[in-house]
Amino acid sequence: MARLRILVVGAGFAGVACVGRLERRLAPGDADIALVTPVSYQLYLPLLPQVAAGVLTPQSVALSLRRGRYRTKIIPGLAIGVDARAKVCVVRRITGELTNERYDYIVLAPGSVTRTFDIPGLKENGRGMKTLAEAAYLRDHVIAQLDLADAALDEQEKISRLQFVVVGGGYAGTETAACLQRLTTHAVRRYPRLDPSLIRWHLIDIAPKLMPELGDKLGRSAMEVLQRRGVEISLGVSVAEARPDQVTFTDGRVVPSRTLIWTAGVVASPLVETLGAETVHGRLATTAQMTLPGFDGVFALGDGAAVPDLTGGDGAVCPPTAQHAHRQAKTVADNVIAALRGESLRSYRHRDLGLVVDLGGRDAVAKPVGVELHGMPAQAVARGYHVGAMRTNVAKARVLTNWILNAAAGDDFVRIGFLAEEQPSLRHFEQTDAYMTPQQVREHTASLNAAQG
């Protein structure tokens, strides 16, 4: 008889931690394990703004899947549909061909994509901060704006190239604005013909507070740090229209700008829609054991799953954070093994470790286990947490070395070739148009079964 097959979708915090625990707790003869991912690394997403700012190299936050993964078969492709009745996952390989991966148990950890709205020009002119390619592209783009402004003969062009708009007052947006503002502040010293006062950063959010999860005191502290650096913060404001050379805010202001960075939240991967299952705000509605009700052998976790928060109560679900994804992975792996052996499943419970926000340089705010910190103590906690959370010692060493080198030698502000002649869109970077509809998935698997007789 063929061995049982466990298919894990996604190589983020959730998927990689789940695969690691399955490998440790299952004997080689118990089941075959496969991991579906379009990239050959686990991205350490919290440090992506520092890649965009040139503080860290891209390789330092891309943790190789081949380091420490020996039994798991890695399938290089994007899962674009799941037929739970046929127990088939449709994968578009990096070559473009479609393959069908059968499973006995599937763990869905596809993560999330950037949340967008029907704002004129947003999808064409906005740039995200969700993938390694986006971070590398943004670094090139921001430095290119300085180069082009330095060479510009038209004053209006120069002004528009030196104004930058970041939308989203959460962790991603705040850290992105903080890190890239430091990049332009340091870089402009190498451009003697540019007036530093022309460089302006705008951070806007429709919410009334900056990073409300941190609490009023730390949120204000982070806001004051950015304002001291010259970042203009506007709350209760969003984007009404995005053009290639200007951004219109909902309060009527028109900002001449060639750079719109969109970090206004995330939504679950479009893969979850292909199952036709019940969702909560777009995330798969799971049990506390992270099974999908009514679907045999399907588990879901991470950003794509609305896992009940048993410690929060009142119908709360766990927020889409790396901390939850990593911890949920351990419970899911144990539950897959329990299901395989006919044992009872365990519910997911957690204890919050707190939050950290690195604002670059010596600035940070943190709330470890409820203790509010800012400045250097918070920076030490933030960077210590990130290094400790990295999966391999090689990654830890690379990040520490990059931090030391950047602090000692600074940056060379070099564009490294990711700036395309035609600006890629959010859809291009995150492949959000690649997924099937539930009907297309069913038709695909039906034709497959018919062909096999």
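Source: prediction; values computed, not measured.

What counts as what
Residues numbered from 1 in each chain as written. Predicted model: local features only at pLDDT ≥ 70, side-chain atom pairs only at ≥ 80, totals over all residues. Heavy atoms only, no water. Core = buried A, V, L, I, M, F, W, Y, C linked by side-chain atoms within 4.5 Å. Buried < 20%, exposed > 50% of the residue type's maximum accessible area, 1.4 Å probe, protein only. Domains from an automatic or database assignment. Helix = DSSP H or I, 4+ residues; strand = E, 2+ residues; numbered from the N terminus. Contact = heavy atoms within 4.5 Å. Salt bridge = Lys/Arg side-chain N within 4 Å of Asp/Glu carboxyl O. Polar contact = N/O pair within 3.5 Å; in protein donor to acceptor, adjacent residues only side chain to side chain. Pairing = 2+ DSSP bridges. Phe/Tyr/Trp six-rings, centres within 6.5 Å; stacked < 30°, edge-to-face > 60°. Expected span 1.5 Å × (residues − 1). Arc of directions from axis to C-beta. Axes fitted to C-alpha atoms, helices over the stretch in contact; angles between N-to-C directions. Parallel < 35°, antiparallel > 145°, perpendicular 65-115°, else oblique. Left-handed = near helix turned anticlockwise from the far one by under 90°. Patch = residues over 30% accessible without salt bridge, like charges linked within 9 Å, V, L, I, M, F, W, Y side chains within 5 Å. Areas by Shrake-Rupley, 256 points an atom, 1.4 Å probe, with all protein chains shown as cover.

Colleague: Residue-level account of the nonpolar core, with values.
Modeller: In this structure, Leu22, Ile106 and Leu108 are the most contacted members of the largest nonpolar core, which totals 115 residues. Among the domains, domain 1 (5-114 + 267-352 + 431-451) and domain 2 (122-264 + 354-419) are the pair contributing at least three residues each to this core.

Colleague: Any chance you could break down the side chain of Thr331 for me, citing the residues and the numbers?
Modeller: Assignment of secondary structure puts Thr331 in helix α8 (residues 322-341). Thr331 sits in the buried class, given a relative accessible area of 5%. Thr331 has contacts with Met290, Arg346, Ser347 and Tyr348, leaving out every residue within four places of it along the chain.

Colleague: Could you give an account of the domain arrangement of the protein, with specific residues and numbers?
Modeller: In terms of domains, the protein is made up of domain 1 (5-114 + 267-352 + 431-451) and domain 2 (122-264 + 354-419). When each unit is reduced to the centre of its C-alpha atoms, the spacing between domain 1 and domain 2 is 30 Å. Counting residues at the interface gives 34 residues for domain 1, matched by 31 residues for domain 2. Counting every contact that joins domain 1 to domain 2 gives 0 salt bridges. Along the contact surface separating domain 1 from domain 2 lie 12 residue pairs in polar contact (both at pLDDT 80 or more).

Colleague: Break down the pairing of strand β6 (residues 88-93) for me, with residues and values.
Modeller: Sheet topology places strand β5 (residues 73-83) next to β6; 6 bridges connect them, and they run antiparallel. If you follow Gly77 over to β6, its bridge partner there is Arg93. Hairpin connection from β5 to β6: 4 residues lie between these consecutive antiparallel strands, with Lys87 at a positive phi of about 55°. Sheet topology note: the β6/strand β7 (residues 98-102) ladder contains 5 bridges and is antiparallel.

Colleague: Explain the packing of aromatic side chains residue by residue, including any values.
Modeller: What the rule picks out here adds up to 4 aromatic pairs. The interplanar angle of 70° and the centroid separation of 6.2 Å between the aromatic rings of Phe117 and Trp262 together place this pair among those described as edge-to-face. You can see Phe117 sitting in the loop between β9 (112-114) and α3 (122-125) and its partner Trp262 sitting in strand β17 (residues 259-262), a full 145 residues away along the chain.

Colleague: Report on helix α10 (residues 393-409), specifying residues and quantitative values.
Modeller: Since one α-helical turn is 3.6 residues long, residues separated by three or four positions face the same way. Taking 1.5 Å of rise per residue, the 17 residues of α10 would be expected to cover 24 Å, and the 24 Å separating its terminal C-alpha atoms lies within 8% of that figure. When α10 is considered as a whole, its buried residues turn out to be Ala395, Lys396, Val399, Asn402 and Trp403. Projected onto a plane normal to the axis of α10, the buried residues spread over an arc of 130° and lie on a single side. The exposed residues of α10 that point more than 90 degrees off its buried face are Asn393, Ile404, Leu405, Ala408 and Ala409. Residues of α10 that are buried make contact with α2 (48-52), β4 (62-64) and α9 (376-389).

Colleague: Tell me about the packing of helix α1 (residues 13-25) against α8, and name the residues and values.
Modeller: If you want to describe how two helices pack, look at the angle between their axes and the distance between the axes. Here α1 crosses α8 at 40°, and the two axes come no closer than 8 Å. Of the possible angle classes, the one that applies to α1 and α8 is oblique. The interaxial crossing formed by α1 with α8 has right-handed handedness. Counting all contacts with α1, which are made through Phe13, Ala14, Ala17, Cys18, Arg21, Leu22 and Arg25, the residues of α8 involved are Ala322, Ala325, His326, Ala329, Lys330, Val332, Ala333, Asp334, Val336, Ile337 and Arg341.

Colleague: So what's going on with the sheet that holds strand β20 (residues 283-285)? Residues and values would help.
Modeller: Taken together, 3 strands build an open sheet; the order of strands is β19-β20-β22 and the sheet is mixed. Strands at the two margins of the open sheet, each flanked by one partner only, are β19 (279-280) and β22 (305-306). With 2 bridges connecting them, β20 and β22 associate as parallel partners. Paired with Leu284 across the bridge in β22 is Ala305.

Colleague: Please provide a residue-by-residue account of the environment of Lys209, values included.
Modeller: Positionally, Lys209 belongs in the loop between β12 (200-205) and α7 (216-229). A C-alpha to C-alpha distance of 7.4 Å links Lys209 and Gly219, two positions 10 residues apart in sequence. Other than its neighbours up to four places away in sequence, Lys209 contacts Asp216 and Leu235. At a separation of 2.7 Å, a polar atom in the side chain of Lys209 contacts the side chain of Asp216.

Colleague: Explain a nonpolar patch on the surface residue by residue, including any values.
Modeller: Taken together, the side chains of Leu353, Val369 and Val371 present a nonpolar region at the surface, about 240 Å² in accessible area. Mapped onto the elements of the fold, Leu353 is located in the loop between α8 and β23 (354-358). The class of Leu353 is partly exposed, set by a relative accessible area of 37%.

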